[in-house]
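# Descriptive analysis of the structure
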Amino acid sequence: MEKQPEKPKYPTLEAFERMTVDDKVRLFTGLPIPTQKLLIGISAFASSVKPEMAQPVSRITQEEFEEAQRVLAETPFFSTEDGRLQVADSMRVFINTDLKQLWGQRKQSKKP
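Remember, predicted model here, so these are calculated numbers, not experimental data.

Calculation criteria
- Residues numbered from 1 in each chain as written.
- Predicted model: local features only at pLDDT ≥ 70, side-chain atom pairs only at ≥ 80, totals over all residues.
- Heavy atoms only, no water.
- Helix = DSSP H or I, 4+ residues; strand = E, 2+ residues; numbered from the N terminus.
- Buried < 20%, exposed > 50% of the residue type's maximum accessible area, 1.4 Å probe, protein only.
- Contact = heavy atoms within 4.5 Å.
- Areas by Shrake-Rupley, 256 points an atom, 1.4 Å probe, with all protein chains shown as cover.
- Lys, Arg positive; Asp, Glu negative; His and termini not counted.
- Charge placed at Lys NZ, Arg CZ, Asp CG, Glu CD.
- Pairing = 2+ DSSP bridges.
- Arc of directions from axis to C-beta.
- Expected span 1.5 Å × (residues − 1).
- Bend = angle between axes of the 7 residues up to and from the residue.

The next point concerns the overall build of the protein chain. Along the backbone of the protein chain there are six helices and two strands. In the protein chain, the succession of helices and strands from N to C terminus is α-α-α-α-α-β-β-α. With the C-alpha coordinates aligned to their principal axes, the bounding extent of the protein chain is approximately 60 × 35 × 25 Å. Out of the 112 residues belonging to the protein chain, those deemed buried represent 33%. Considering only residue pairs separated by 6 or more positions, the protein chain has 61% of its internal contacts joining residues 24 or more positions apart. Carbon and sulfur atoms provide 52% of the accessible area of the protein chain, an area that totals close to 7800 Å². Taking the 17 positively charged and 16 negatively charged side chains of the protein chain as two groups, their mean positions are separated by 9 Å.

The next subject is the pairing of strand S1 (residues 78–81). Direction of pairing for S1 relative to strand S2 (residues 84–87): antiparallel, over a ladder of four bridges. Note on S2: the bridge partner recorded for Ser 79 is Gln 86. Adjacent in sequence and paired antiparallel, S1 and S2 are bridged by two residues, among which Asp 82 carries a positive phi angle near 55°.

What follows is about helix H4 (residues 51–58). Considered for burial, the residues of H4 that qualify are Ala 54, Gln 55 and Ser 58. Along the axis of H4, the buried residues cluster in a sector spanning 100°; they form a single face. Looking at the packing, one finds that the buried side of H4 touches helix H3 (33–43), helix H5 (62–73) and S2.

With that out of the way, let us pick up helix H6 (residues 89–110). Between its first and last C-alpha, H6 extends 31 Å over 22 residues, near the 32 Å set by a 1.5 Å rise per residue. In the structure, H6 departs most strongly from a straight axis at Ile 95, where the bend amounts to approximately 35°. Among all positions of H6, only Ser 90, Met 91, Arg 92, Phe 94, Ile 95, Leu 99 and Leu 102 are buried. Looking at the buried residues of H6, the elements they touch are helix H1 (13–18), helix H2 (21–29), H3 and S2.

In this fold, Leu 27 is placed in helix H2. It is 9.3 Å that separates the C-alpha atoms of Leu 27 and Pro 11, two residues lying 16 residues apart in sequence. Once residues lying within four places of it in the same chain are set aside, the contact partners of Leu 27 are Tyr 10, Pro 11, Phe 16, Met 19 and Phe 77.

Given below as structure tokens:
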């Protein structure tokens, strides 16, 4: 019996772009918290960022930073070039629009 190829853990960028906001939120919240924080931190910059700038903005320890980079290296949402960290545009847009709006709505609904 032939071994089935392993299903990719993360969608391709093209598949991510076609996902609903709810599915993107589920994917994002399924990542470890330090990894979420690193994605948010990097997305705060207009383009790529030096690691020594991304780590403090992300508010994670050096150990969490290193682990988050390992996790992100398995995804199509993250890359490094010339020692700089970069988030794919589709993930950056999701974080800076849909996710930010969702957090704002949740924050409003918790007000008395």
